[in-house]
Amino acid sequence: MANKATLSYYQAATANCINRPCYEAFKEHNEICGDCDILGMLNRNEVTTYGRTGKHGNGTYEQVTVYPLCLSGIDISSAIIHVKDVTKTRLLEKRVSHSERLASLGLLISGIAHEINNPNNFIAFNIPVLRDYLQAVLPIIDGHWSAHPDFAPFGMSYQEFKDDLLKLLDNMAHGSDRINRTVTGLREFIRNQGAKELVWADMNSVVDRAVMLCGSKVKNAVKSFSVAVDDAVAKIYTDPYALEH
C-alpha cells in the first residue's frame with residue numbers, strides 16, 4: 001500500500017507502485033539501493049529511525065522511521081515506512097548552530113582583544129615618553145662623543161648607534177600601532193556580523209581590513225603576495241562587512 005503523500009512525494013502513480021519493490025517503483029533502479037537500511041531494521045523487529053540523503057540529492061535530507069508489523073499466519077516481515085523530508089529543519093538547525101558559534105566566537109574575540117589591548121596601551125603611551133627622555137639625554141651623549149671621538153657603543157659608530165636607537169623606537173611604535181589596528185579590526189568585524197546595511201563602501205578599506213585579518217595565512221600559503229586596489233573602483237554600494245567576510 002502507498003498513501004497519497006507517498007505518491008505525491010515520489011511523483012509516482014498507484015498502478016506503477018503496488019506489488020513492486022520500492023527501488024523499482026520509486027527510483028527506477030534494478031537492485032536494492034546501496035544505502036538502504038530497511039531490511040536490517042525489519043530483521044531486528046523494532047521501531048527504528050535513521051537519516052539518509054533525500055530523493056533529489058543536492059543537499060536534501062530524509063528521516064525514515066520503520067515500524068515492523070507482525071502479520072497473522074504469514075511468516076514474512078512487513079512494515080509501515082514513514083519518510084519525512086527534513087531538509088528545511090536541518091538547514092535551520094545548521095543556521096542556529098552557526099549563529100551560536102558566531103556569538104561564542106564574538107565573546108571570545110572580545111575578551112582576547114581586551115586582554116591584548118590593555119598591555120598594548122602601556123606600550124603605546126610610554127613610547128612617546130621614552131622618546132622625550134632620549135631627546136633630553138642625547139645632547140649629553142653627543143657632548144661625550146665630541147670629547148671622545150673613539151666612543152663606539154656595542155661595536156657601532158656613535159652615529160650608527162644613535163640612528164639605530166631612534167629606529168628601534170619607531171619600530172616599537174609601528175608594532176604597537178599594528179596591534180591596535182588588528183584588535184580594532186577584529187572588534188569591528190564581530191560587532192557588525194549582523195549588520196545588513198548597504199552603503200557606499202571604500203574598497204581600499206574593505207581590502208585592507210580583509211588582508212589584515214587573513215594576510216598572514218595567505219602569505220604562508222603562497223610564495224609572494226601583494227595587494228593593489230584600482231582607484232577607479234574605490235567605492236561600491238554594498239554591505240562592506242558581508243563583502244569583507
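Bear in mind the structure is a predicted one, so any value in this text is a computation, not a measurement.

1. What about the overall build of the protein?
At step 1: In terms of helices and strands, the protein carries eight helices and five strands.
At step 2: Its helices and strands in sequence order give the protein the pattern α-α-α-α-β-β-β-α-α-β-α-β-α, from N to C terminus.
At step 3: By principal-axis analysis of the C-alpha atoms, the protein measures approximately 120 × 45 × 35 Å.
At step 4: The buried share of the protein, reckoned over its 245 residues, is 21%.

2. Some points on the nonpolar core
At step 1: Counting residues in hydrophobic clusters, the biggest one holds six residues: Ile38, Met41, Leu42, Tyr50, Val64 and Val66.
At step 2: Put simply, the parts of the chain that give this core at least two residues each are α4 (38-44) and β2 (61-70).
At step 3: For this core, the element with the most residues is α4, which contributes three residues.

3. As for the state of the cysteines
At step 1: Enumeration according to the criterion identifies zero disulfides in this entry.
At step 2: Counting only cysteine sulfurs, Cys22 is the nearest neighbor of Cys17, a cysteine outside any disulfide, at a range of 10 Å.

4. Points about the pattern of salt bridges
At step 1: Under the defined criterion, the tally for this structure stands at four salt bridges.
At step 2: Among the salt bridges present, the one from Arg20 reaches Glu24, with a minimum N-O distance of 3.7 Å.
At step 3: In this structure, Lys162 engages Asp142 in a salt bridge whose closest nitrogen and oxygen atoms are separated by 3.3 Å. Taken together, the residues Lys162 in helix α6 (residues 158-191) and Asp142 in helix α5 (residues 87-147) connect sequence positions 20 residues apart.
At step 4: Relative accessible area serves as the criterion here: at 22%, Asp142 is assigned to the partly exposed category.

5. Some details on the side chain of Thr87
At step 1: Here Thr87 lies in helix α5.
At step 2: Classification of Thr87 by relative accessible area gives buried; the value is 13%.
At step 3: Sequence-distant contacts of Thr87, that is, excluding residues within four places in its chain, are made with Gly59, Thr60 and Tyr61.

6. Here we look at helix α7 (residues 203-221)
Every α-helix winds through 3.6 residues per turn, so residues three or four apart in the chain are directed the same way.
At step 1: Where α7 bends most, at Cys214, the angle is about 65°.
At step 2: Looking only at α7, the buried set comprises Met203, Val206, Arg209, Ala210 and Gly215.
At step 3: For α7, the side-chain oxygen to backbone nitrogen distance between the N-cap and Asn204 is 3.1 Å, and the N-cap itself is Asp202.

7. Things to note about the environment of Lys235
At step 1: Mapped onto the secondary structure, Lys235 falls in strand β5 (residues 235-238).
At step 2: Spatially, the C-alpha atom of Lys235 lies 9.7 Å from that of Ser205, the residues being 30 residues apart in sequence.
At step 3: Not counting the four nearest positions on each side in its chain, Lys235 is found in contact with Trp200, Ala201 and Asp202.

8. Quick notes on the environment of Leu42
At step 1: As for its position among the elements, Leu42 is in helix α4.
At step 2: Judged by relative accessible area, Leu42 falls into the buried class, the value being 13%.
At step 3: Sequence separation of Leu42 and Val66 is 24 residues, and the distance between their C-alpha atoms is 7.7 Å.

9. Brief notes about the packing of aromatic side chains
At step 1: Under the defined criterion, the tally for this structure stands at six aromatic pairs.
At step 2: Measuring from centroid to centroid gives 4.3 Å for Tyr10 and Phe26, while their planes differ by 15°, and the two rings are stacked. With a gap of 16 residues between them, Tyr10 in the loop between α1 (4-9) and α2 (14-17) and Phe26 in the loop between α3 (22-25) and α4 connect regions that are remote in the sequence.
At step 3: On the basis of relative accessible area, Phe26 is assigned to the partly exposed category, the value being 23%.
At step 4: Here the aromatic rings of Phe154 and Phe161 are separated by 6.0 Å at their centres, their planes lie at 25°, and the arrangement is stacked.

10. With respect to α5
At step 1: Over its 61 residues, α5 extends 85 Å from the first C-alpha to the last, a length consistent with the 90 Å expected when each residue adds 1.5 Å.
At step 2: A maximum bend of about 30° is found in α5 at Val137, where proline Pro139 lies one to four positions downstream.
At step 3: Among the residues of α5, Thr87, Gly106, Ile109, Ala113, Asn117, Asn120, Ile127, Leu134 and Leu138 are the ones counted as buried.

Thresholds, definitions, all that
- Numbers given for residues are sequential positions, taken from 1 along each chain in its written order.
- This being a predicted model, a pLDDT of at least 70 is required before a residue's local features are given, and a value of 80 or more before pairs of side-chain atoms are given or counted; all residues contribute to the totals for chains, interfaces and linings.
- With hydrogens and water excluded, all non-hydrogen atoms of the structure serve as input to the side-chain values.
- We count a stretch as a helix when DSSP gives it H or I for four or more residues in a row; a strand needs E for two or more, and each element gets its number in order from the N terminus.
- Burial status follows relative accessibility: with a 1.4 Å probe on protein chains alone, a residue under 20% of its type maximum counts as buried, one over 50% as exposed, and anything between as partly exposed.
- Within this scheme, the nonpolar core is defined by two criteria: the residues are buried Ala, Val, Leu, Ile, Met, Phe, Trp, Tyr or Cys, and they are joined through side-chain atoms within 4.5 Å.
- Only a pair of cysteine sulfur atoms within 2.5 Å counts as a disulfide in this structure description.
- By convention in these notes, a salt bridge is any Lys or Arg side-chain nitrogen within 4 Å of a carboxyl oxygen on Asp or Glu.
- In this description, contact between two residues means that some pair of their heavy atoms is separated by no more than 4.5 Å.
- Note on bend: at a given residue it equals the angle between the axes fitted to the 7 residues ending there and to the 7 starting there.
- Each polar contact in these results corresponds to two N or O atoms within 3.5 Å; when the atoms are within protein, one needs to be able to donate a hydrogen and the other to accept it, and residues that are neighboring in sequence are counted only if both atoms are side-chain atoms.
- Under the pairing criterion, centres of Phe, Tyr and Trp rings, with the six-membered ring standing for Trp, must be within 6.5 Å; the plane angle then separates stacked pairs below 30 degrees from edge-to-face pairs above 60, leaving the rest tilted.
- By this rule the span expected of a helix is its residue count minus one, scaled by 1.5 Å.

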